[in-house]
2 protein chains.
Amino acid sequence: MLNRVRSAVAHLVSSGGAPPPRPKSPDLPNAPSAQSAAPPGAPRSPPARAGSGSAAPAKTVEARASFSRPTFLQLSPGGLRRADDHAGRAVQSPPDTGRRLPWSTGYAEVINAGKSRHNEDQACCEVVYVEGRRSVSGAPREPSGGQGLCFYYWGLFDGHAGGGAAEMASKLLHRHIQEQLKDLVEILQDASPPPLCLPSTPGAPGSSDSSHLVGPQSCWSSQKEVTHESLVVGAIENAFQFMDEQMAQERRGHQAEGGCCALVVVYLLGKVYVANAGDSRAIIVRNGEIIPMSQEFTPETERQRLQLLGFLKPELLGGEFTHLEFPRRIQPKELGQRMLYRDQNMTGWAYKKIELEDLRFPLVCGEGKKARVMATIGVTRGLGDHNLKVCSSTLPIKPFLSCFPEVRVYDLTQYEHCPDDVLVLGTDGLWDVTSDCEVAATVDRVLSAYEPNDPSRSQKFGQATSLSLSILTSKRRWTCLTQRSMMRNQRAELCSEQVTN
Amino acid sequence: MLNRVRSAVAHLVSSGGAPPPRPKSPDLPNAPSAQSAAPPGAPRSPPARAGSGSAAPAKTVEARASFSRPTFLQLSPGGLRRADDHAGRAVQSPPDTGRRLPWSTGYAEVINAGKSRHNEDQACCEVVYVEGRRSVSGAPREPSGGQGLCFYYWGLFDGHAGGGAAEMASKLLHRHIQEQLKDLVEILQDASPPPLCLPSTPGAPGSSDSSHLVGPQSCWSSQKEVTHESLVVGAIENAFQFMDEQMAQERRGHQAEGGCCALVVVYLLGKVYVANAGDSRAIIVRNGEIIPMSQEFTPETERQRLQLLGFLKPELLGGEFTHLEFPRRIQPKELGQRMLYRDQNMTGWAYKKIELEDLRFPLVCGEGKKARVMATIGVTRGLGDHNLKVCSSTLPIKPFLSCFPEVRVYDLTQYEHCPDDVLVLGTDGLWDVTSDCEVAATVDRVLSAYEPNDPSRSQKFGQATSLSLSILTSKRRWTCLTQRSMMRNQRAELCSEQVTN
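Given the structure is predicted, the values throughout are model-derived calculations rather than measurements.

## Comments concerning the domain arrangement of chain A
Residues and elements named next belong to chain A.
Right, on to step 1. Looking at the assigned domains, one finds that chain A contains domain 1 (71-133 + 149-192 + 227-297 + 401-498) and domain 2 (302-378).
Right, on to step 2. Between domain 1 and domain 2, the contact holds eight residues from the first and four residues from the second.
Right, on to step 3. For the pairing of domain 1 and domain 2, the buried interface totals around 530 Å² over both sides, and the portion due to carbon and sulfur atoms is 58%.
Right, on to step 4. In this structure, the connection of domain 1 to domain 2 is made through two salt bridges.
Right, on to step 5. Classifying every residue of the side of domain 1 that touches domain 2 by side-chain character gives two nonpolar, two polar and four charged.

Given below as structure tokens:
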């Protein structure tokens, strides 16, 4: 499967970001999958320190170090230099001229102030066509081209410890989603419930009816009803996993150094799917009301999952960490005293007698923006980080990180929308300095000052078009953001003020 | 610690359920704990089949089989026989005469229709006094008796596969909570933040200030703030764990056969703590508004936790089960075809090629009331079940069950309450046939027809008294419940109609 994605991506990169033309013939269903190509026990490439760059050939590193920004920004070489300027910190947005992003999408970014050499964040906005791989009955599909699916896609990738993972995700994740959806093209367009079982080979008989139910156990007395929506959710979840596996395989050859949070939106058949793995955030502002479309995954919000893993697999702690949480570091001289603690089952605190192993560093420590897993990373879901090790140790952190997103679904057909309703995606740098309510107030203030959106948009997408999308990226060091507007391609302007810490 | 609880319980049982007198001297802090008394690897008693009764001496079994009901029902031998009558199915409530339950507590129960020989549910309602074990400074407390704490306690225990666990929990769980709170008596009554560290022995110097902070790591730059509330939550969580461990230790000697869901309420220092482990439910009805105070823990709601455990510890599946979920049973002839599945990371569904191990029985299967773990049990949290095995197998199910409750806190001082506001606790049998809204409507209809509660109640407990509590138990086979009222000791009546399935 990865091979298929690779060829699609090769085309994508060479064509400057435009969707590839529809393939002339269906993909081969027997192409090797990522899992079969790389068994779990395969040897790993030599570990690299977090943030220490890469062990890859210098030429490739240099090419990476030349700093790339999202294609839709259409930056000239001079613009790229300005975008890389830590002193000027110019706000980057797509030009008013040139190809418009779909759904009146606005975008603004600014380089972080000194946190990393380059802006390690990336973004993507695409319209992706999915041609079915085969019909439900198993017969190969005719290359008619008339029965495929289109999805709209927006992605925000907050990179860390290198920009490779975010760049790779911005180029490839939507291709993995496309790949996962290929089997579903016909199923999603059929009003009847999805078949539970599909034939293995084209032309073979399927068993999608309920006549094969096995009986006596009461809990198997009926089959589960699976919705079309849950198939799309599963496709997105698996696409995240394949993306992460691809990064693991190609971390040497393709410089997928570092890791990234991933927040993506898929609009398909009337529904908006918001998938989040990391600490970025999405909200919908509908008639001034805020609808949260994601939750943040941090050492604090995922404490119990992390502690459970450390408890069940103590070898992952390497004798250096304890899965217990303490409210502060324990001193050796406090041995035998009783300290407050929490384990993987507790939300409250209790006292325990301090024993020798409690002097180990806690797996999860710190609060708020300073919360860390293994004293290293402040976010617990995302893509990449396969080489991330505990500082001054060879202990890998990746086993504690999850690449799986939480997916929330918003049915556009169920609500009335006005032209000023927006979906806002932002990395943690934005939300650290701006609340949901402040964003909603800005939406109201800015959009009400301008004419409603281009009416041709609503002709195209019906009710769905009344929901605009704005992507805002920023970094933690961007400590104060004054948003005079959010949507540059709606002739608004975004200005920023940098405040000295 | 268990020894202390045992002696308290011995007193409790002999005194017919009244709280024991305050101890004359503080408990010994060095009494052996449950954990040290029973290491995890200790040999288990011979397994007993779920629902097959017990392997204990016949005499003890017979004593159990004589069927006991909550003490506060004050049942005569004749009343006990009627309560055990599957044909009559009389509704049992405390008598109008005799000791009133605190807070105008109402209670009603009825035996299930044929599901088990006896009613395996139990309930408890107590006022518990907690004397501190020692002062924060470590000095032994004087037996002054004037600085203790009182908590109000209600417990609902939905038993299964035998009534022993529910009976034991109804007799002991509040004693475990009392035990856990002993260290906190002084701390909870002190407005300053709880000390993070306590001395190990009376008189030894503590280290409860922040001068011992260890420095350079940024995530340790400050100590966590721990609230009084979170200490009470931790005490309740640990009490559940100790209760479960005690059942494990005494399952042969004391016939703690079977298991039980536990839903308990603790009122302490102005706050209501609702702790739930199982599929019972608590709601507050406040001025007609419904405030959920618990969530249900079932194979469906805990699917991902169960699957993760099966994935990380495949030996727990014994080669008989797969951690993957399928929407129906797979037939051997479908090998090689592609079936919908979900793993521990997914909320959506995707297709996978059916392999040999997918023919194993799924760890989690079924829907709604028919959902089961290992094709056996329909609830995933609770107390006991230490002998529960997979049907026709020696595979233990207990590792997949959690004894830890979710604890929700309701601050009574933050809200205005009217006399008709109630907290309703019910087992799944009630909620299977009655919605939250129907209960709220019944509360309104019944209470408005009677005079407000006894004013002496509000004199005693101030604002807190305006929140009454009603405990309702029923069982799954009670398929239709017509509630003409809910509170018998408020001179209302509860009637039931049994509907033929």
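## Re helix 5 (residues 164-181) of chain A
Note: α-helices contain 3.6 residues per turn, so residues at a spacing of three or four share the same orientation.
Right, on to step 1. Taking 1.5 Å of rise per residue, the 18 residues of helix 5 of chain A would be expected to cover 26 Å, and the 26 Å separating its terminal C-alpha atoms lies within 8% of that figure.
Right, on to step 2. If you look at helix 5 of chain A, its biggest bend is around 40 degrees, right at A:Ser170.

## Observations concerning the relation of the copies chain B and chain A
Right, on to step 1. Rotating chain B by 180 degrees and translating it 0.0 Å along the rotation axis places it on chain A, where the RMSD comes to 0.1 Å. What the superposition gives is, in effect, a two-fold axis relating one chain to the other. The C-alpha atom lying nearest the rotation axis in chain B is that of B:Leu312; the distance is 3.7 Å.
Right, on to step 2. A shared binding surface is used by both copies, with 100% of the interface residues of chain B retained as interface residues in chain A.

## Some points on the pattern of salt bridges
Right, on to step 1. Tallied over the entire structure, the rule returns 44 salt bridges over all chains.
Right, on to step 2. Between A:Arg305 and A:Glu302 there is a salt bridge, with its nearest N and O atoms 3.0 Å apart.
Right, on to step 3. Residue A:Arg305 is classed as partly exposed on the basis of its relative accessible area of 23%.
Right, on to step 4. By relative accessible area, A:Glu302 is classed as buried at 6%.
Right, on to step 5. Between B:Glu109 and B:Arg69 there is a salt bridge, and its shortest N-O distance comes to 2.7 Å. Residue B:Glu109 is located in the loop between strand 1 (106-108) and strand 2 (122-130), and its partner B:Arg69 is located in the loop between helix 3 (58-65) and helix 4 (77-83); the two are separated by 40 residues in the primary sequence.
Right, on to step 6. Of the residues examined, B:Glu109 reaches a relative accessible area of 2% and is grouped as buried.
Right, on to step 7. What emerges from the salt-bridge pattern is a single network uniting A:Arg133, A:Glu179, A:Lys182, A:Asp183 and B:Arg338.

## A closer look at unusual backbone geometry
Right, on to step 1. For A:Leu269, which is not glycine, the phi torsion reads 50 degrees and is therefore positive.
Right, on to step 2. Positive phi, close to 50 degrees, is recorded for B:Met374, a residue that is not glycine.
Right, on to step 3. Tracing the sequence through the fold places B:Met374 in the loop between strand 14 (372-373) and strand 15 (383-384).

## With respect to the sheet that holds strand 10 (residues 338-341) of chain B
Right, on to step 1. If you walk across this open sheet you meet the three strands as 4(A)-10(B)-11(B), and the pairing is antiparallel. Each edge of the sheet is formed by a strand with only one pairing partner; in this case those strands are strand 4 (197-198) of chain A together with strand 11 (350-353) of chain B.
Right, on to step 2. Here strand 10 of chain B runs beside strand 11 of chain B; their pairing, made up of four bridges, is antiparallel. Residue pairing for strand 11 of chain B: B:Arg338 is matched across the bridge by B:Lys353.

## What about the interface of chain B and chain A?
Right, on to step 1. Residue-level contacts link 72 residues of chain B with 72 residues of chain A.
Right, on to step 2. Each partner contributes to the roughly 6300 Å² buried at the junction of chain B and chain A, and carbon and sulfur atoms together form 56% of this total.
Right, on to step 3. Salt-bridge contacts for A:Lys224 lead to B:Glu325; the nearest nitrogen and oxygen are separated by 2.8 Å.
Right, on to step 4. On inspection of chain B and its partner chain A, the count reaches 22 residue pairs in polar contact (both at pLDDT 80 or more).
Right, on to step 5. Of all the secondary structure elements, the ones that give two or more residues to the side of chain B that touches chain A are strand 4 (197-198), helix 7 (228-249), helix 8 (303-312), strand 10, strand 11 and strand 12 (361-362) of chain B.

## So, the packing of aromatic side chains
Right, on to step 1. Taken as a whole and judged by the stated rule, the model has twelve aromatic pairs over all chains.
Right, on to step 2. Pairing B:Tyr152 with B:Trp154 gives two aromatic rings, centres 6.5 Å apart and planes at 25 degrees, and the pair type is stacked.
Right, on to step 3. Given the relative accessible area of 12%, B:Tyr152 is considered buried.
Right, on to step 4. Here B:Trp154 falls in the buried class, since its relative accessible area comes to 1%.
Right, on to step 5. Relative to B:Phe361, the ring of B:Phe321 has its centre 6.1 Å away and its plane inclined at 85 degrees; by these criteria the two rings are edge-to-face. A residue pair is termed long-range when its members are at least 10 positions apart, and B:Phe321 in strand 9 (residues 321-322) and B:Phe361 in strand 12 qualify at 40 residues.
Right, on to step 6. B:Phe321 sits in the buried class, given a relative accessible area of 4%.
Right, on to step 7. Members of the aromatic cluster, each reached through a chain of ring pairs, are A:Tyr152, A:Trp154 and A:Tyr267.

## Some points on the state of the cysteines
Residue and element names in this part refer to chain B.
Right, on to step 1. Applying the stated criterion across every chain yields a total of zero disulfides over all chains.
Right, on to step 2. Among the cysteines around Cys261, which has no disulfide bond, Cys260 carries the closest sulfur, lying 7.2 Å off.
Right, on to step 3. Among the residues examined, Cys261 registers a relative accessible area of 2% and is labelled buried.

## Section: the confidence of the model for chain A
Residues and elements named next belong to chain A.
Right, on to step 1. Across chain A, the average pLDDT comes to 74, with 68% of residues at 70 or higher.
Right, on to step 2. When the criterion is pLDDT under 50, residues 1-65 qualifies, and its contacts beyond four places in sequence or with other chains add up to 99 contacts.
Right, on to step 3. Confidence metrics for the complex model read pTM 0.79 and ipTM 0.78.

## Here's the deal with the packing of helix 5 (residues 164-181) of chain B against helix 7 of chain B
All names here are of chain B.
Right, on to step 1. The N-to-C vectors of helix 5 and helix 7 enclose an angle of 135 degrees; their axes lie 8 Å apart at closest approach. By the angle class used here, helix 5 and helix 7 are oblique. Remark: the crossing between helix 5 and helix 7 carries right-handed chirality. Across from Ala165, Met168, Ala169, Leu172, Leu173, His176, Ile177, Gln180 and Leu181 in helix 5, the residues of helix 7 making contact are Ala235, Asn238, Ala239, Phe240, Phe242, Met243, Gln246 and Met247.
Right, on to step 2. Its residues assigned to classes, the contact of helix 5 with helix 7 shows 13 nonpolar, four polar and no charged.

About the criteria used
- Residues numbered from 1 in each chain as written.
- Chains lettered and ligands numbered in written order.
- Predicted model: local features only at pLDDT ≥ 70, side-chain atom pairs only at ≥ 80, totals over all residues.
- Heavy atoms only, no water.
- Domains from an automatic or database assignment.
- Contact = heavy atoms within 4.5 Å.
- Buried area = accessible area lost by both parts, 1.4 Å probe.
- Salt bridge = Lys/Arg side-chain N within 4 Å of Asp/Glu carboxyl O.
- Nonpolar A, V, L, I, M, F, W, Y, C, P; charged D, E, K, R; others polar.
- Helix = DSSP H or I, 4+ residues; strand = E, 2+ residues; numbered from the N terminus.
- Expected span 1.5 Å × (residues − 1).
- Bend = angle between axes of the 7 residues up to and from the residue.
- Least-squares fit on C-alpha atoms with pLDDT ≥ 70 in both.
- Buried < 20%, exposed > 50% of the residue type's maximum accessible area, 1.4 Å probe, protein only.
- Pairing = 2+ DSSP bridges.
- Polar contact = N/O pair within 3.5 Å; in protein donor to acceptor, adjacent residues only side chain to side chain.
- Phe/Tyr/Trp six-rings, centres within 6.5 Å; stacked < 30°, edge-to-face > 60°.
- Disulfide = S-S within 2.5 Å.
- pLDDT = per-residue confidence, 0-100.
- Axes fitted to C-alpha atoms, helices over the stretch in contact; angles between N-to-C directions.
- Parallel < 35°, antiparallel > 145°, perpendicular 65-115°, else oblique.
- Left-handed = near helix turned anticlockwise from the far one by under 90°.

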